[in-house]
Amino acid sequence: MGTVVSGRPRLGDWRDAGELAALQDRALGRVLAAAGRSPFYRARAGGVPGSRAELEAYPLTTKSDLRKAYPWGMLAVDRREVATYHESSGSSGTPTASYYTDEDWLDLTERFGRKHVGIGADDTFLVRTPYALMITGHLAHAAARAAGATVVPADNRSLATPYAKVVRLVHDLGVSLTWSLPTDVLVWAAAAERAGYRPDRDFPALRALFVGGETLSPARRTRIAEIWNTTVVEEYGATETGSLAGECPYGRLHLWADRAIFEVHDPRTGRISAAGRGQLVVTPLYREAMPLLRYAIADEVDISDGDGCPCGWALPVVRILGRGGVGSAGGDGVTGSADESGPVPVQIDLEEQVFRLPREYGVMFWRARWEVAGGSARGEQVTGGARAGSAADGVAGVWGLSDSLIAGRSARAGGVGLSAGRSPGAGGDQGSGLESGAARDAGVGRDSRSEVAGKGGRRGYGRGSGGGFRIRVQIEVADRFRAAAVRELDASLRDGLGVEAVVDPLPPGGLVPIELLTSAPDVMKPRGLFGPGEDWDKALRYY
């Protein structure tokens, strides 16, 4: 076994699953002791578990538990030891609070810094995720500074850094590394082209794009790498936990199981196991301020044994499938749940089909939602992407673009920024209807209902005359590729996923407004006195 830093393991300190489990067991006692100082866990029936066996029988900690404990009910240290306070990006009312000590932050930055491409003093690192109360921007910033890199803090929730400015910064400063949503990187590419740049040629210093906060299918990952002619490195985590998984040189996403214990929960059966498909459960092992025992993140995942990965990390491999209950066809709150015909397609499945379209078609932006075919919607709308339409439209779920990109367009006439949160949001733009005006202008997309109904042995979503589900997909595509894109995507959804689909082609700007790519908002401090002819309506626009 190798050496450790401040008692925390490093990659290479174990050789196989057995040594990894022993490492976890040695660290577990400390986090169980910390949980004993937490008011929440002290008050739980049966107290705090004293061993791994007792932990495995312990009830899950849920987001609802965290909300009930707001703000300090989970605190396990003296308030004077708390270095930072954060809240998740959810919009469900009472926030979920998270807090970290200085020692917690050492663990956080070490985990985020585990990038196979490396972060060093020669790098200029652009951070394009939120700062504010969320942890993601602060975490990337801290990890980059710990490695000696120069940080460019381009918060994606700030009016001061619209997309046109991000493109200028990446180009003019010779930015070598970035951290953002995958969707954000595609928006930069569109903005760069509008500014007269070629992303694959005119940004030679860019050596890697770090992305997280959304599902990332293999096809979208490949498309991003092609567009920018650089390496794409995926990261997975949460505000309540920090980084939970990172990518090895062979493109597999590995759980940091030396720093946490991971499990999979099947919400339909209640079964919890170490691997398989279900919703992620995590017990961080190096957490002082806010220990979490069997925290149910509710992200839909598929965990498998990573011993065979040629990277040699000997860590479990995880696929992030989406947010549990977001975009579910049946309104049952279980994304990807199985019925007698097979599993329901989830966001990453749709994304894969969209980005398998030929690159020359230029399709980068899309959104999709389940709707009831020949009936009324079951349950309320669940948003996991663009806020498009209301529950009355027959919507069962929606995926694709980030909430704040589309919602921000209507709220701020072009808006800025994408949401880096994983949380679903809770509603739609008022009165937007099932199809956007751009969709109607472009013509109704092809309906694959009849073809799906005639295929045997496929999943049953959309088959039959009443009460089934179909998926409506909208894509931005240039007019000259519209017919081919609709035809090919329709076929791939039907043949690859076995779903009934309607594909709506939208012109460029139909989903991501051109103004969003080119605008440079006037950001100013509060001002009371103006000269002759100046627009004094800007006096309080800072707010």
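Residues numbered from 1 in each chain as written. Predicted model: local features only at pLDDT ≥ 70, side-chain atom pairs only at ≥ 80, totals over all residues. Heavy atoms only, no water.

A. Geometry of the overall build of the protein chain. The helix and strand inventory of the protein chain stands at 15 helices and 21 strands. The buried share of the protein chain, taken over its 543 residues, is 55%. Expressed as a percentage of contacts within the protein chain between residues at least 6 apart in sequence, the contacts between residues at least 24 apart total 69%. Accessible surface, the protein chain: about 21,500 Å² in total, of which carbon and sulfur atoms supply 50%. (Helix = DSSP H or I, 4+ residues; strand = E, 2+ residues; numbered from the N terminus. Buried < 20%, exposed > 50% of the residue type's maximum accessible area, 1.4 Å probe, protein only. Contact = heavy atoms within 4.5 Å. Areas by Shrake-Rupley, 256 points an atom, 1.4 Å probe, with all protein chains shown as cover.)

B. View of the environment of Gly73. In this structure, Gly73 sits in the loop between helix H4 (63-68) and strand E1 (82-87). In this structure the C-alpha to C-alpha distance between Gly73 and Met290, which are 217 residues apart in sequence, comes to 9.3 Å. The residues contacting Gly73, other than those within four sequence positions of it, are Ser38, Pro39, Phe40 and Tyr99.

C. Spatial organisation of unusual backbone geometry. Residues Tyr70 and Pro71 are joined by a peptide bond in cis, for which omega reads -5 degrees. With respect to the element layout, Pro71 can be found in the loop between H4 and E1. Positive phi, normally seen in glycine, also occurs at Asn229, with a value near 55 degrees. Along the chain, the position of Asn229 falls in the loop between helix H9 (218-228) and strand E7 (231-238). With a relative accessible area of 57%, Asn229 lands in the exposed category. Even without a glycine there, the phi angle at Ala298 is positive, about 80 degrees. Position of Ala298 relative to the elements: it lies in strand E13 (residues 295-304).

D. Up close: the pairing of strand E8 (residues 242-247). Within E8, 6 of the 6 residues are buried, leaving the element largely enclosed by the surrounding structure. As defined by bridge partners, E7 adjoins E8 across 4 bridges and the pair is classed as antiparallel. Paired with Gly237 across the strands is Ser243, a residue of E8. Remark: 3 residues form the turn of the hairpin made by E7 and E8, two consecutive strands paired antiparallel. Across 3 bridges, the pairing between E8 and strand E9 (residues 253-255) is antiparallel. By the bridge assignment, Ala245 is partnered in E9 with Leu255. Here E8 hands over to E9 after 5 residues, with Gly251 in that stretch at a positive phi of 80 degrees. (Pairing = 2+ DSSP bridges.)

E. The environment of Val363, seen in detail. Within the element layout of this structure, Val363 appears in the loop between helix H10 (347-354) and strand E17 (366-373). Each C-alpha atom, one on Val363 and one on Phe481, is 9.5 Å from the other, the two residues being 118 residues apart in sequence. The contact partners of Val363, leaving out residues within four places of it in the chain, are Arg223, Val354, Phe355, Leu357, Ile475, Glu476 and Val477.

F. Molecular detail of the packing of aromatic side chains. By the definition in use, this model includes 13 aromatic pairs. With 5.5 Å between their ring centres and 65 degrees between their planes, Tyr197 and Phe203 make a pair best called edge-to-face. Tyr197 sits in the partly exposed class, given a relative accessible area of 24%. Pairing Phe203 with Trp228 gives two aromatic rings, centres 5.2 Å apart and planes at 70 degrees, and the pair type is edge-to-face. (Phe/Tyr/Trp six-rings, centres within 6.5 Å; stacked < 30°, edge-to-face > 60°.)

G. Region of the structure containing helix H8 (residues 182-194). With 13 residues, H8 should reach 18 Å at 1.5 Å per residue; the first-to-last C-alpha distance of 19 Å fits that figure. For H8, the tally of buried residues reaches 11 of 13 residues, placing the bulk of the element in the interior. Of the residues making up H8, those classed as buried are Pro182, Thr183, Asp184, Val185, Leu186, Val187, Trp188, Ala189, Ala190, Ala191 and Ala192. Close packing links the buried residues of H8 with strand E3 (124-127), helix H7 (163-172), strand E5 (177-180), strand E6 (208-211), H9 and helix H15 (514-518). Among the residues trailing H8, Gly196 stands out with phi positive, at a value near 90 degrees. (Expected span 1.5 Å × (residues − 1).)

H. Fine view of the packing of helix H5 (residues 102-112) against helix H6 (residues 136-146). As a packed pair, H5 and H6 sit with axes 9 Å apart at the nearest point and diverge in direction by 80 degrees. As far as their axial angle goes, H6 and H5 are roughly perpendicular. Residues Trp105, Leu108, Thr109 and Phe112 of H5 form the contact with H6, whose participating residues are His138, Leu139, Ala140, Ala142 and Ala143. Residues that form the contact of H5 with H6 fall into these classes: 7 nonpolar, 2 polar and no charged. (Axes fitted to C-alpha atoms, helices over the stretch in contact; angles between N-to-C directions. Parallel < 35°, antiparallel > 145°, perpendicular 65-115°, else oblique. Nonpolar A, V, L, I, M, F, W, Y, C, P; charged D, E, K, R; others polar.)

I. Inspection of the environment of Leu321 at higher detail. With respect to the helices, strands and loops of the structure, Leu321 is situated in strand E14 (residues 317-323). The exposure class of Leu321 is buried, given its relative accessible area of 2%. Spatially, the C-alpha atom of Leu321 lies 9.7 Å from that of Pro345, the residues being 24 residues apart in sequence. Not counting chain neighbours up to four residues away, the residues in contact with Leu321 comprise Thr215, Arg277, Glu300, Val301, Asp302, Val346, Gln347 and Ile348.

J. Seen up close, H7. Among the residues of H7, those classed as buried are Tyr163, Val166, Val167, Leu169 and Val170. Seen from one end, H7 has its buried residues packed into an arc of 165 degrees, which puts them on one side. Directly after H7, the chain includes Gly174, whose backbone phi takes a positive value near 65 degrees. (Arc of directions from axis to C-beta.)

K. A look at the state of the cysteines. Taken as a whole and assessed by the stated rule, the structure comprises 0 disulfides. Not part of a disulfide, Cys309 finds its nearest cysteine sulfur in Cys311, a span of 3.4 Å. (Disulfide = S-S within 2.5 Å.)

L. Examining the pairing of E3 more closely. Here E3 shows no split at all, with Thr124 and Leu126 on one side and Phe125 and Val127 on the other all buried. Pairing geometry for E3 and strand E4 (residues 150-153), over 4 bridges, is parallel. Across the sheet, the residue bridging to Thr124 is Thr150, located in E4. Handedness of the E3-H6-E4 crossover: right-handed. (Right-handed = clockwise from strand over helix to strand, strands pointing away.)

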